[in-house]
Amino acid sequence: MTQSPAVRTTGRSGPVRIGERAARTLVSELARINDPKAALLVGVGPESAVLAAAIEALLPGDRLTVVPAEPLGAAALRAHVTAQGGWVADRVSVIDSLAEAKAEAAEVVIAGEVFSGTTEETRSGIEGLAKHLSDGAVLSVATIATPGRTTGAAAELARQDALYGVGADLVLRNNPPVRVYRLRFTPASPATADRLTPAHRPSSVPLTRGMHIDSNGVAAAGIALGLAALTRVARPSSKLWLLPALAAGPVAAFFRDPERDVPEDPTAVVASADGKVLSVQRLHDERFGDGEWLRVAVFLSVLDVHVNRAPVAGKVVDYFVADGGFVNAMKPDAEHNVAAYTVLDTARGTVVVAQRTGLIARRIVQRAPIGALLAKGERFGLIRFGSRTDVYLPAEAADPLVGPGDKVVGGSTVIARWR
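Cut-offs used in this document
Residues numbered from 1 in each chain as written. Predicted model: local features only at pLDDT ≥ 70, side-chain atom pairs only at ≥ 80, totals over all residues. Heavy atoms only, no water. Helix = DSSP H or I, 4+ residues; strand = E, 2+ residues; numbered from the N terminus. Rg over C-alpha atoms; globule rule 2.2 N^0.38 Å. Buried < 20%, exposed > 50% of the residue type's maximum accessible area, 1.4 Å probe, protein only. Contact = heavy atoms within 4.5 Å. Areas by Shrake-Rupley, 256 points an atom, 1.4 Å probe, with all protein chains shown as cover. Lys, Arg positive; Asp, Glu negative; His and termini not counted. Charge placed at Lys NZ, Arg CZ, Asp CG, Glu CD. Patch = residues over 30% accessible without salt bridge, like charges linked within 9 Å, V, L, I, M, F, W, Y side chains within 5 Å. Salt bridge = Lys/Arg side-chain N within 4 Å of Asp/Glu carboxyl O. Axes fitted to C-alpha atoms, helices over the stretch in contact; angles between N-to-C directions. Parallel < 35°, antiparallel > 145°, perpendicular 65-115°, else oblique. Nonpolar A, V, L, I, M, F, W, Y, C, P; charged D, E, K, R; others polar. Pairing = 2+ DSSP bridges. Arc of directions from axis to C-beta. Phe/Tyr/Trp six-rings, centres within 6.5 Å; stacked < 30°, edge-to-face > 60°. Lys NZ or Arg CZ within 6 Å of the ring centre and 35° of its normal.

So, on to the overall build of the protein. A tally of helices and strands in the protein yields nine helices and 26 strands. Expected size for 419 residues packed as a compact globule is a radius of gyration near 22 Å; at 23 Å, the protein falls within 12% of this value. Taken along the three principal axes of its C-alpha coordinates, the protein extends 65 × 65 × 40 Å. Across the 419 residues of the protein, 52% fall into the buried class. Expressed as a percentage of contacts within the protein between residues at least 6 apart in sequence, the contacts between residues at least 24 apart total 73%. Here the protein displays about 18700 Å² of accessible surface, and carbon together with sulfur accounts for 55% of that area. Positive and negative side-chain charges of the protein, numbering 46 and 43 respectively, have mean locations separated by a distance of 7 Å.

Next up on the list: a nonpolar patch on the surface. Among the surface-exposed residues, Tyr319, Val321 and Ile370 lie close enough to one another that they form a single nonpolar patch of about 270 Å² accessible area. Its place among the elements puts Ile370 in the loop between strand 20 (364-366) and strand 21 (373-374). Residue classification places Ile370 among the partly exposed residues on the basis of a relative accessible area of 48%.

Turning to the packing of helix 8 (residues 215-234) against helix 9 (residues 242-254), a few remarks are in order. Contact geometry of helix 8 with helix 9 gives a least axis separation of 8 Å together with a crossing angle of 175 degrees. As far as their axial angle goes, helix 9 and helix 8 are roughly antiparallel. Across the interface between the two elements, Gly217, Ala220, Ala221, Ala224, Leu225, Leu227 and Ala228 from helix 8 touch Pro244, Ala245, Ala248, Val251 and Ala252 from helix 9. Here the residues of the contact of helix 8 with helix 9 sort into 11 nonpolar, one polar and no charged.

This part takes up the sheet that holds strand 23 (residues 387-394). The antiparallel open sheet is built from eight strands, whose spatial order is 21-17-18-19-23-15-14-25. The two strands at the open ends of the sheet, each matched to only one other strand, are strand 21 and strand 25 (407-408). One ladder, built from eight bridges, connects strand 18 (residues 339-346) with strand 19 (residues 349-356); its direction is antiparallel. When the bridges of strand 19 are listed, Val343 appears paired with Val352.

Every buried residue of helix 4 (residues 74-83) is listed here: Ala74, Leu77 and Val81. Considered in projection along helix 4, the buried side chains sweep an arc of 60 degrees and stay on one side of the axis. Seen from the buried face of helix 4, the exposed residues on the opposite side, beyond 90 degrees, are Ala75, Thr82 and Ala83. For helix 4, the secondary structure elements touched by its buried residues are strand 3 (38-44), helix 3 (49-57), strand 4 (63-68), helix 5 (86-89) and strand 5 (92-94). Just past helix 4, the residue Gly85 takes up positive phi, approximately 105 degrees.

This brings us to unusual backbone geometry. The omega angle of the peptide bond from Asn175 to Pro176 is 0 degrees, so this bond is cis rather than trans. Secondary-structure assignment places Pro176 in the loop between strand 8 (165-171) and strand 9 (178-183).

Each aromatic ring pair is specified by the distance between its two centres and by the angle formed by the two planes. Across all of its chains, the model carries six aromatic pairs by this definition. Ring geometry for Tyr164 against Phe185: centres 4.9 Å apart, planes inclined by 55 degrees, an arrangement best described as tilted. In this pair, Tyr164 is assigned in helix 7 (residues 152-164) and Phe185 in the loop between strand 9 and strand 10 (204-206), connecting sequence segments 21 residues apart. Note on Tyr164: relative accessible area 32%, which makes it partly exposed. Here the aromatic rings of Phe288 and Tyr341 are separated by 5.6 Å at their centres, their planes lie at 50 degrees, and the arrangement is tilted. Note that Phe288 is positioned in the loop between strand 14 (275-284) and strand 15 (292-300) and Tyr341 in strand 18, a separation of 53 residues in sequence. Phe288 sits in the buried class, given a relative accessible area of 10%. The ring of Trp241 is capped by Arg232, whose NZ or CZ atom sits 4.6 Å from the centre of that ring. Over the ring of Tyr341 we find Arg287, and its NZ or CZ is 4.4 Å from the ring centre.

That's the geometry; what it means functionally is another story.
Written as structure tokens, this is what we have:
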């Protein structure tokens, strides 16, 4: 494995470097599992950012097995691990090759080097790593992000992602940019989501410790500034360029993505979005199954945070978009607006989150593919410029704790409680 060209990338400038941000993305699945776990990290050296991120993510009951990138690199890796102190040395073991990995399967397997090579080499490399996964476990791999038509490793990983992907992230702040894939080849139990904390998302750009800007906001602000620059060049004597330039800040603010304290209470159901509660009602909806549903509808104004979060921990088992209109989200007719439905299987039954468009909001972003596990309060998408988010709960299993007119905070406010 460590000598396979499918997992090694060498070009004119030498091996592709995985920086700190890409490394955190690669180990995000390891970092979010709260319970003791076994993990396998393949293809790293003592100076690897992926190794550093994996060690940082370890909890007291964890065990990490490391395979060096170079055939003779085990000694240097062992010395590096020992130098980190007893706490790390007790939890991290270094083996000479992947063939020496114990029969015990890992809950997370991480390829520490960027995949390259041919389609066949990449497929072989993935199969070699997948043999060490336990049921429902995740393989994290990366490849160079190539624009346009892809071939070789990039094409094969895109195919694997379409079949087995449970999450992918483009990390632009790496030289060169890389795309990280999380692959799951066997089903995971929905109850596993209860063990998770919200995943690290590189799609948000940090401003401060507690505030990020979603990548959509960065792109929108960049477009506004680009338009301002073009206007300044085209009409140097005009002040029109100030309009898009001054708009860049407010546009970026629309996509602010603050950190939130998610309640640890397992019976708490949290708001999926910031805003004002429009209604709390019991209804029937045969699309989601028999029985009665408790629906909490929240209106997002243009001043609210637009990032949507999972109200409960669960597994994404379905996602579909219903066609409709673009009526003001506060009006009753908004019931028939275009909406995206994310269906979660949870330990307490089916839960559905509906992202509805409105008069201004015309674009829904959903980033949780079918098969993904979401922790309670985890970001899974957004609605551009406001609108409405509805949470459907089994009526016989939950009691509402909010009413019309109440202000709620996504990921923090408890809107209902499981019985």
